[in-house]
Amino acid sequence: MADKIPDLHATVRAGTGKGAARAARRAGDVPGIVYGGGADPLPINVNFDKLLTRLRKGGFMSTLYNLKVEGHDDVRVICRGVQRHVVKDLPTHIDLMRLKRTTRVKLMIPVNFLNQDTCPGIKKGGVLTVVRPEVELEVLAGDIPEAIDVELAEAQIGDTLSISSVTLPEGAKPTVDRDFVIANIQPPKNAIADDEDAAEEGGEEAAEGGAEEEAAEE
């Protein structure tokens, strides 16, 4: 869990519409909007370089921020959308939603796989195949986990790791009711190839045996 909610600094954007947004971008800012929480929408600007740094660190969409805007009370927000340039893939607009600590939100939370270096299945040549690198959870806005941990200390080749085998943070629950798969430990590729070869050889031998029996009958 995050021990401290990070600050996100912004300024009030003068004016709305495409003209004001373009002016913000020319000034080195990313225009955005803050909405929800029973208050009027607030147009803002966020420094481009600082926002890009946060985006590149990862987890921006699943992080609760303390939004600080001069002349306004601090408010907890979470990003609900980042628009990007279609060619440069750089942020051009962000949407922030106001939250209370007790608000429940659905977020994609990254998955960490612990003890891969000591996992018996991997040490025997097995391959960790990740089905879901992120899992959607319903969590409290004031208690958003940075990630969920999947333990591999006892995982063997052929084991399937599902959501029911994971200890979720307190107050968090999956948004999907079924017991879905997160990852599995597959046999090494050479073992799969050997099995396929053996199956093919067995089929050829059976075909040859059938042909010999038909010839003998004739």
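Up top you'll find the structure we're talking about.
Not measured: the values here are computed from a predicted model.

About the cut-offs
- Residues numbered from 1 in each chain as written.
- Predicted model: local features only at pLDDT ≥ 70, side-chain atom pairs only at ≥ 80, totals over all residues.
- Heavy atoms only, no water.
- Helix = DSSP H or I, 4+ residues; strand = E, 2+ residues; numbered from the N terminus.
- Buried < 20%, exposed > 50% of the residue type's maximum accessible area, 1.4 Å probe, protein only.
- Areas by Shrake-Rupley, 256 points an atom, 1.4 Å probe, with all protein chains shown as cover.
- Pairing = 2+ DSSP bridges.
- Patch = residues over 30% accessible without salt bridge, like charges linked within 9 Å, V, L, I, M, F, W, Y side chains within 5 Å.
- Salt bridge = Lys/Arg side-chain N within 4 Å of Asp/Glu carboxyl O.
- Lys, Arg positive; Asp, Glu negative; His and termini not counted.
- Charge placed at Lys NZ, Arg CZ, Asp CG, Glu CD.
- Arc of directions from axis to C-beta.
- Contact = heavy atoms within 4.5 Å.
- Polar contact = N/O pair within 3.5 Å; in protein donor to acceptor, adjacent residues only side chain to side chain.
- Core = buried A, V, L, I, M, F, W, Y, C linked by side-chain atoms within 4.5 Å.
- Domains from an automatic or database assignment.

## Focus: the overall build of the chain
Here comes step 1: Regarding its fold elements, the chain presents 4 helices and 13 strands.
Here comes step 2: A burial count over the chain gives 33% of its 218 residues as buried.
Here comes step 3: Put simply, the chain shows about 13,300 Å² of open surface, and 48% of that area lies on carbon and sulfur atoms.

## Looking at the sheet that holds strand S10 (residues 148–151)
Strands pair in a sheet through their backbones, by hydrogen bonds, and they do so in one of two ways: parallel or antiparallel.
Here comes step 1: Read across the sheet, 4 strands follow the order S10-S7-S9-S12 without closing on themselves; strand pairing throughout is mixed. Each edge of the sheet is formed by a strand with only one pairing partner; in this case those strands are S10 and strand S12 (173–174).
Here comes step 2: As judged from the 7 bridges shared by strand S7 (residues 104–114) and strand S9 (residues 134–140), these two strands associate in the antiparallel manner. Bridge pairing links Leu 107 to Leu 137 in S9.

## A look at a positive patch on the surface
Here comes step 1: Together, Lys 18, Arg 22, Arg 25 and Arg 26 give the surface a local cluster of positive charge.
Here comes step 2: Assignment of secondary structure puts Arg 22 in helix H1 (residues 18–26).
Here comes step 3: The class for Arg 22 is partly exposed, based on a relative accessible area of 45%.

## Notes on the side chain of Asn 184
Here comes step 1: Within the secondary structure, Asn 184 is located in strand S13 (residues 181–186).
Here comes step 2: Take Asn 184: its relative accessible area is 17%, and that puts it in the buried class.

## Here we look at the pairing of strand S4 (residues 64–69)
Side-chain direction in a regular strand flips from residue to residue, so the side chains alternate between the two faces of the sheet.
Here comes step 1: Among the 6 residues in S4, 5 count as buried, and that is most of the element.
Here comes step 2: One ladder, built from 4 bridges, connects strand S1 (residues 7–12) with S4; its direction is parallel. Directly across from Asp 7, in S4, lies its bridge partner Asn 66.
Here comes step 3: One ladder, built from 4 bridges, connects S4 with strand S5 (residues 75–84); its direction is antiparallel.

## So, helix H2 (residues 48–57)
Since the α-helix turns once every 3.6 residues, residues separated by three or four places project in the same direction.
Here comes step 1: All buried positions along H2 are accounted for by Leu 51, Leu 52 and Leu 55. Buried residues along H2 cover an arc of 100 degrees about the axis, so they all sit on one side. Away from the buried face of H2 by more than 90 degrees, exposed residues Asp 49, Lys 50 and Lys 57 are located.
Here comes step 2: Looking at the buried residues of H2, the elements they touch are strand S2 (29–35), strand S3 (42–47), S5 and strand S6 (91–99).
Here comes step 3: The backbone nitrogen of Asp 49 lies 3.1 Å from a side-chain oxygen of the residue at the head of H2, namely Asn 47.

## Points about the nonpolar core
Here comes step 1: Membership of the largest hydrophobic core comes to 28 residues, with the highest contact counts inside it found for Phe 113, Val 135, Val 150, Leu 152 and Ile 182.
Here comes step 2: Those elements that provide at least two residues to this core are S6, S7, S9, S10 and S13.
Here comes step 3: At 5 residues, S7 tops the list of elements feeding residues into this core.
Here comes step 4: Inspection of this core shows a minimum of three residues originating in each of domain 1 (7–99) and domain 2 (105–191).
Here comes step 5: Every residue in contact with Val 150, bar those within four places of it in the chain, is listed here: Val 111, Asn 112, Phe 113, Leu 114, Leu 161, Val 166 and Ile 182.

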